[in-house]
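# Per-entry structural report
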Amino acid sequence: MNKLLLFICVAFLTHVLADDLKIAVGAGYKKPVVEVLKAYEESGHGRIDVMYGNMAQIFAHAKQMEIALVIADKKFLEKQSELHFVNYQRVGEGIAVIAYAKGVTFSSIEDLKSDAIKTIAMPEAKKAIYGDAGIEFLHKSTLYESVKEKLIVVATVPQVSSYVSTHEVDVGIMNLTAALDNMDKMGGYIKIPQAYYTPIEIVAGSLNACETDNACQAFVAFLKTPKAKEIFAKYGL
C-alpha cells in the first residue's frame, strides 16, 4: 500500500512539474515545435506551456517569467547579457530563402532588382534572425542599394509569410521552415546562397531554471531522439 501511495505521489509531482514548465520559441519555428510537443506528450510526458514570438518579445518575457528553455537562433541567445544560458542543445540549421507569391516570376536573387518585383517583405533585423540574415545577404550581394526602396520591414517571419501568401508583397525573405509550411499558398521559393549570410544554428538554450527541473531535462533529452530530429528535418531544419 505504501509503495502504491509513493508511486501515486511521484506521478502527481511529475505531472505538476511538467505543467509548470514554461518554454519560449521563436515565432518562425512554431509549426515544428507544436508537432514535437505533441510527440513528446504522446510518449507519456506532461504538457509544456509555450509562448511564441519574435526575439524581442521572448527576451522581455524571459526576464519577467520563469522561462526554463528558449528555442531560437544561438547567435541571438549568446548576445543576451541579461539572460544566462548554461547549455545549448542543437535542433537544426536555419536556411534563409526568398519566397514569392503566386503569379510572380522569380528564379534568381538578381530578380529582386527587376521592375516586376515591386515589394519585398522581411522581418526586422533586431527582432528576428532572418531579418539579420536578410540584411547581411542584401549587402554582401551588393543588392541593397538597388532594392532598399522596395523593402517592407515587419516584426516576425510569420508576418512575412502571410504577406507573401496573400500577395500583399511580391516576395519575402524568411526561413525555409515557414516557406515549406505555406507552399500551397505561395508560388515557390529559392534558397539564398549560404555564402551571403552567417550560418544559422537553431538550438534549445537552457536557462538556470532548466538545470534543476526534471521536466525540462526530460524535454531536452527528447530533443535528441530520432523522432524529434525527424520532425525538425521535415520542416527544413
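Every chain is numbered independently, its residues counted from 1 as its sequence is written. Only residues with pLDDT of at least 70 are given local features in this predicted model, and only at 80 or more are side-chain atom pairs given and counted; all residues enter the totals for whole chains, interfaces and linings. Values reported for side chains reflect all heavy atoms of the structure, with hydrogen atoms and water molecules removed beforehand.

### Details of the pattern of salt bridges
In plain terms, the rule: The salt bridge definition used is simple: a Lys or Arg side-chain nitrogen within 4 Å of an Asp or Glu carboxyl oxygen. Starting at the N terminus, helices and strands are each numbered in turn, a helix being any DSSP run of H or I of at least four residues and a strand any DSSP run of E of at least two. When a residue's accessible area, from a 1.4 Å probe over protein chains only, is under 20% of the maximum for its type it is buried; when over 50% it is exposed; and in between it is partly exposed.
Counted by the stated rule, this structure contains 9 salt bridges. In this structure, the salt-bridge partner of Arg90 is Glu201, at a minimum N-O distance of 3.5 Å. With Arg90 in strand β4 (residues 85–94) and Glu201 in strand β10 (residues 200–207), this residue pair connects regions lying 111 residues apart in the sequence. A residue is classified by how much of its surface remains accessible, and Arg90, at 44% relative accessible area, is partly exposed. According to the relative accessible area criterion, Glu201 is partly exposed, its value standing at 27%. Of the charged contacts, one joins Glu124 and Lys127 as a salt bridge, the two residues approaching to 3.7 Å between their closest N and O atoms. Since its relative accessible area comes to 28%, Glu124 is described here as partly exposed. The class of Lys127 is partly exposed, set by a relative accessible area of 28%.

### Regarding the nonpolar core
For soluble globular proteins, the rule of thumb is that nonpolar side chains tend to be buried together. Where we set the bar: Among the buried residues, those of types Ala, Val, Leu, Ile, Met, Phe, Trp, Tyr and Cys that are joined through side-chain atoms within 4.5 Å form a nonpolar core.
Ranked by internal contacts, the top residues of the largest apolar core, which has 82 residues, are Val70, Ile98, Phe106, Leu112, Phe137, Met174 and Phe219. In terms of residues, this core owes the most to one element, helix α10 (residues 214–223), which gives 6 residues.

### Details of the state of the cysteines
This is how the line gets drawn: The rule for a disulfide is simple: a pair of cysteine sulfur atoms within 2.5 Å.
One pass over the structure, following the stated rule, counts 1 disulfide. For Cys210, the disulfide goes to Cys216, at an S-S distance of 2.0 Å. As the torsion about the S-S bond is roughly -95°, the Cys210-Cys216 disulfide counts as left-handed. Exposure class is identical for Cys210 and Cys216. Each is buried.

### With respect to the sheet that holds β10
Rules: Only strands that DSSP links by at least two bridges are regarded as paired with each other. Helix axes use the C-alpha atoms of the stretch in contact, all axes being lines fitted to C-alpha atoms, and the angles between their N-to-C directions lie in the range 0 to 180 degrees. Here, residues are in contact when the closest pair of their heavy atoms is within 4.5 Å.
Sheet architecture is open: 5 strands sit in the order β2-β1-β3-β10-β4, paired in mixed fashion. The outermost strands of the open sheet, each flanked by one partner alone, are β2 (49–53) and β4. The mean angle between the axes of side-by-side strands here comes to 20°, regardless of whether they run parallel or antiparallel. Bridge analysis of strand β3 (residues 69–73) against β10 gives 5 bridges, and the strand direction is antiparallel. Looking at β10, one finds that Val70 is bridged to Gly205. Where helix α2 (residues 30–42) meets the sheet, its contacts fall on β1 (22–26), β2 and β3, and the angle it forms with β2 comes to roughly 170°. Here α10 sits on the sheet and contacts β1, β3, β4 and β10; the angle it forms with β3, its principal contact strand, is near 35°.

### A few points about the pairing of strand β6 (residues 120–123)
Taking every second residue as pointing to the same face, both faces of β6 are buried, with Ile120 and Met122 on one and Ala121 and Pro123 on the other. Relative to strand β7 (residues 151–154), β6 runs parallel, the two being bridged by 4 bridges. Opposite Ile120, over in β7, you have Leu151 as the bridge partner. Inspection of the sheet shows β6 paired to strand β8 (residues 171–175) by 2 bridges, in the parallel sense.

### Points about helix α5 (residues 129–140)
Where we set the bar: One less than the residue count of a helix, multiplied by 1.5 Å, gives the span that helix is expected to have.
Here α5 is 12 residues long and its end C-alpha atoms lie 16 Å apart, about the 16 Å a rise of 1.5 Å per residue gives. Turning to α5, its buried residues are Ile129, Tyr130, Gly131, Ala133, Gly134, Glu136, Phe137 and Leu138. One or two residues past the end of α5 sits Thr142, with phi positive at roughly 60°.

### Looking at the confidence of the model for the protein chain
Stated precisely, the cut-off is as follows: pLDDT: the predictor's confidence for each residue, scored from 0 to 100.
Summarising the model, the protein chain shows a mean pLDDT of 89, and 92% of its residues fall at 70 or more. In the predicted structure, residues 3–18 sits below a pLDDT of 50 and forms 5 contacts with residues beyond four places in sequence or in another chain.

### A few points about the side chain of Ser141
Mapped onto the fold, Ser141 is located in the loop between α5 and α6 (144–147). Not counting the four nearest positions on each side in its chain, Ser141 is found in contact with Ile109 and Tyr196.

### Things to note about the sheet that holds strand β5 (residues 96–100)
Taken in spatial order, the 5 strands of this open sheet run β7-β6-β8-β5-β9, and their pairing is mixed. The open sheet terminates on both sides in strands that have one partner only, identified here as β7 and β9 (188–191). Put simply, the sheet's adjacent strands are angled 30° from each other on average, direction ignored. Here β5 pairs with β9 via 4 bridges, running antiparallel. Paired with Ala99 across the two strands is Tyr189, which belongs to β9. Running over the sheet, α5 touches β5, β6, β7 and β8 and is turned about 130° from β6.

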